[in-house]
Amino acid sequence: MKTIYLDNNATTAVAPEVREAMLPYLTDLYGNPSSMHTFGGQVGRAVEEAREKTAALLGAQPEEILFTSCGSESDNTAIWSALQTQPEKRRVITTRVEHPAILNVCQYWERQGYRVTYLGVDARGRLDLDEYADALSEDTALVSIMMANNEVGNLYPVARMAEMAREKGVLFHTDAVQAVGKTPFRLSEMAVDMLSLSGHKLHAPKGIGVLYIRKGVRFRPFLRGGHQERGRRAGTENVPYIIGMGEAARLAAANIETERRDVARLRDRLESGLLKAVPDCLVNGDVENRLPNTSNIAFKNVEGEAILLMLDRLGICASSGSACTSGSLEPSHVLRAMGVPFNYAHGSVRLSLSRYTTEEEVDYVIAHMPDVIKTLRALSPFKD
Amino acid sequence: MWNYTDAVHDHFLHPHNAGRLDDANAVGEVGSLACGDALKLYLKISADNIIEKAGFETFGCASAIASSSVLTDMIIGKSVDEALKITNRDIAEALGGLPKEKMHCSVMGQEALEAAIRQWRGEPPVPHAHEEGKLICKCFGVTDAQIIRAIRENGLKTVEEVTNYTKAGGACGDCKDQIAEILATELRQQPLTELKPRPRLTNVQRMKLIMKTIDEDIRPQLEADGGNIELVDVDGKRVIVSLGGRCAQCRASAVTLHDLVERLLREHVEPDLIVEEA
């Protein structure tokens, strides 16, 4: 059975070009970039090229790029550094719809005595900038706002929010794990101080992340030890993955218009096809202002995990914000923050595409989803 | 990804007795949309108290649908009194087990069955079966009576297990302290859990259960007296073991074999097992 992979917000396929770029560094070119000899030095140069490509994708300077192990490490480091360098400031502002990599870290710092403001969202998942303006105070150490939401795909007005923070002299971090490569931006033209990204969301392998730290922003390392990454992150460089990250960044920059146009067209075809073919479903999130690859659809009166298992039988990979899929007993924190009614929240399914998604795949899903939902609705005691 | 058994997959994809029963004379309803799962169980009970037909409608995940489906298989043909002896553990075991986070699905089946039979008996309607006791979990509407029952019938030891079985404490978490108090009281008072024979074990299930009982219940007791036991073979209902350590030389080993090993295996696995020494 063919796998139809529509779970690209969870992880993506490693691009063939990325794999090819990495292979020499898993075989012949195993030198340590820190070594004095030519054998290691050539690897060091390749790492710097990867840094340049990554910086180019973000519209940043190479020396502003720090390679980490994952998006979560980047997030942890950003928050840690902001709090350690400004011990007199005891407040953090974030949102209720962040990824756990931010939310759980903020809750940790809350237990250490910090005050954290979690900005709410409306029914479409949009932030209220007035609420944000009211919350911004000079004793705020850090604002951390995601650039795009992983579940519903909403894009947040990070450029504007970063400006507002800068006016108050407050550091601004954005978790851009879902946004990079899907929506264009240039950090050199923004007031963003720190940004996190994760390689495996843009066709690099799992195990590589990036933290952008704007030149001039004070920094404290999270991982101490050797002098690597100019003393900002100890540990021998994960060379093959850094090379992979660089190549993935180059491809993302080259493909960003495809992503915005072709992937969005397929997503829209999928979404409108499903809305037409299946009664009683709706789209979660801010449809006018979201990632080009994400569609979060709520099917009334059916349960998400049951939908996913039936799709799985058809070779279709998706994910759900239902309670049952996570092992928790409540629907996703994002859908709850949006106030999505329970009879829809439990039946929400996230379909996330990539540049490798084809029209045939999309049409296959449109053709099979109605039966899946019909079968489950026939079983359900809730018919109206 | 949940590690569901083949039985769960089968019952989910091809549920037995799905749909409402138009001639039902007993209907039990538990759960709600807000809770994320709900089960409406229909029974047709004959004049001589036999469950002739059963049907169900379920909103929920694969394990909720599978629990409902297997429950209808288990009760059709049984008398009302026999059916009432079915515990949530029986439902889970009939499915070859459920992930621990999903045990509440089996509890929902048991509660729906009770609710249906209460309605048939003309006992007061019991919305969501939360009839007795004090409300502990406000998010999911779980009472202390339900929590105590789950603790007793499933030998629960931690607050997390109580949440897995009853959902109590799974949302805001405000009631976790109260659950811990109930647990503490129960664990002090708890009598030996009553164990009943389970229906229709497959060879694999029987073998696993025998190994588990020997490892967890029998060997520790023998080891306390300097003895030991190894499972040699299982041949149908014959369990062949070898006694080691001090048991090997002990004249009372025949007594041990019969009074301890066989008794515990019969209690925990199947009532008609015969234990022999290799």
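Here the structure is a predicted model, which is why all the values come from computation and not from measurement. (Residues numbered from 1 in each chain as written. Chains lettered and ligands numbered in written order. Predicted model: local features only at pLDDT ≥ 70, side-chain atom pairs only at ≥ 80, totals over all residues. Heavy atoms only, no water.)

1. Focus: the interface of chain A and chain B
Counting residues at the interface gives 24 residues for chain A and 31 residues for chain B. Buried surface at the junction of chain A and chain B, summed over both partners, amounts to about 2200 Å²; 73% is from carbon and sulfur atoms. Close ionic contact of lysine 102 of chain B with glutamate 305 of chain A constitutes a salt bridge, the shortest N to O distance being 2.6 Å. Inspection of the chain A/chain B interface yields five residue pairs in polar contact (both at pLDDT 80 or more). Contributions of two or more residues to the side of chain A that touches chain B are made by helix 9 (304–313), helix 10 (323–326), helix 12 (342–345) and helix 13 (359–379) of chain A. Its residues placed into classes, the side of chain A that touches chain B shows eleven nonpolar, seven polar and six charged. (Contact = heavy atoms within 4.5 Å. Buried area = accessible area lost by both parts, 1.4 Å probe. Salt bridge = Lys/Arg side-chain N within 4 Å of Asp/Glu carboxyl O. Polar contact = N/O pair within 3.5 Å; in protein donor to acceptor, adjacent residues only side chain to side chain. Helix = DSSP H or I, 4+ residues; strand = E, 2+ residues; numbered from the N terminus. Nonpolar A, V, L, I, M, F, W, Y, C, P; charged D, E, K, R; others polar.)

2. Description of the domain arrangement of chain B
Under the domain assignment used here, chain B contains domain 1 (6–128), domain 2 (135–189) and domain 3 (203–277). Each of domain 2 of chain B and domain 3 of chain B has a C-alpha centre, and these two points are 34 Å apart. (Domains from an automatic or database assignment.)

3. Digging into the sheet that holds strand 1 (residues 26–32) of chain B
All names here are of chain B. With respect to topology, three strands assemble into an open sheet ordered 1-2-3, the strand pairing being antiparallel. Two strands in the sheet have a free side with no partner beyond their single neighbour: strand 1 and strand 3 (51–59). For this sheet, the mean inter-axis angle between neighbouring strands, taken without regard to orientation, is 10°. Relative to strand 2 (residues 37–45), strand 1 runs antiparallel, the two sharing seven bridges. The residue of strand 2 that forms the bridge with serine 32 is aspartate 37. (Pairing = 2+ DSSP bridges. Axes fitted to C-alpha atoms, helices over the stretch in contact; angles between N-to-C directions.)

4. Notes on the environment of glutamate 270 of chain B
Residue and element names in this part refer to chain B. The topology assignment puts glutamate 270 in the loop between helix 11 (253–268) and strand 8 (274–277). Remark: the alpha-carbon pair of glutamate 270 and leucine 71, spanning 199 residues in sequence, is separated by 20 Å. A polar side-chain atom of glutamate 270 sits 2.6 Å from a polar atom in the side chain of arginine 206.

5. Overview of the pattern of salt bridges
A complete count under the given rule lists 39 salt bridges over all chains for this structure. Here glutamate 52 of chain B and lysine 44 of chain B are joined by a salt bridge, their closest N and O atoms 3.4 Å apart. Residue glutamate 230 of chain B pairs with arginine 219 of chain B through a salt bridge whose shortest N-O separation is 3.8 Å. Note that glutamate 230 of chain B is positioned in strand 6 (residues 227–235) and arginine 219 of chain B in helix 9 (residues 203–224), a separation of eleven residues in sequence. Relative accessible area serves as the criterion here: at 43%, glutamate 230 of chain B is assigned to the partly exposed category. One salt-bridge network, held together by shared partners, links Arg265, Arg269, Glu359 and Asp363 of chain A. (Buried < 20%, exposed > 50% of the residue type's maximum accessible area, 1.4 Å probe, protein only.)

6. Describing the domain arrangement of chain A
Residue and element names in this part refer to chain A. Each assigned domain of chain A is listed with its residue range as follows: domain 1 (4–11 + 256–379) and domain 2 (17–252). A straight line from the C-alpha centre of domain 1 to that of domain 2 covers 28 Å. Every contact between the two is made by 27 residues of domain 1 and, on the other side, 31 residues of domain 2. Interface area, domain 1 with domain 2, both sides summed: about 2700 Å², of which 51% is carbon and sulfur. It is Ile256, Leu291 and Met338 in domain 1 that bury the most area against domain 2; as a group they hold 22% of the surface buried on that side. At the junction of domain 1 and domain 2, the tally comes to zero salt bridges. Across the domain 1-domain 2 interface, the total number found is 17 residue pairs in polar contact (both at pLDDT 80 or more). For the side of domain 1 that touches domain 2, the elements supplying multiple residues, two or more each, are helix 8 (239–277), strand 9 (281–284), strand 10 (294–299) and helix 11 (333–337).

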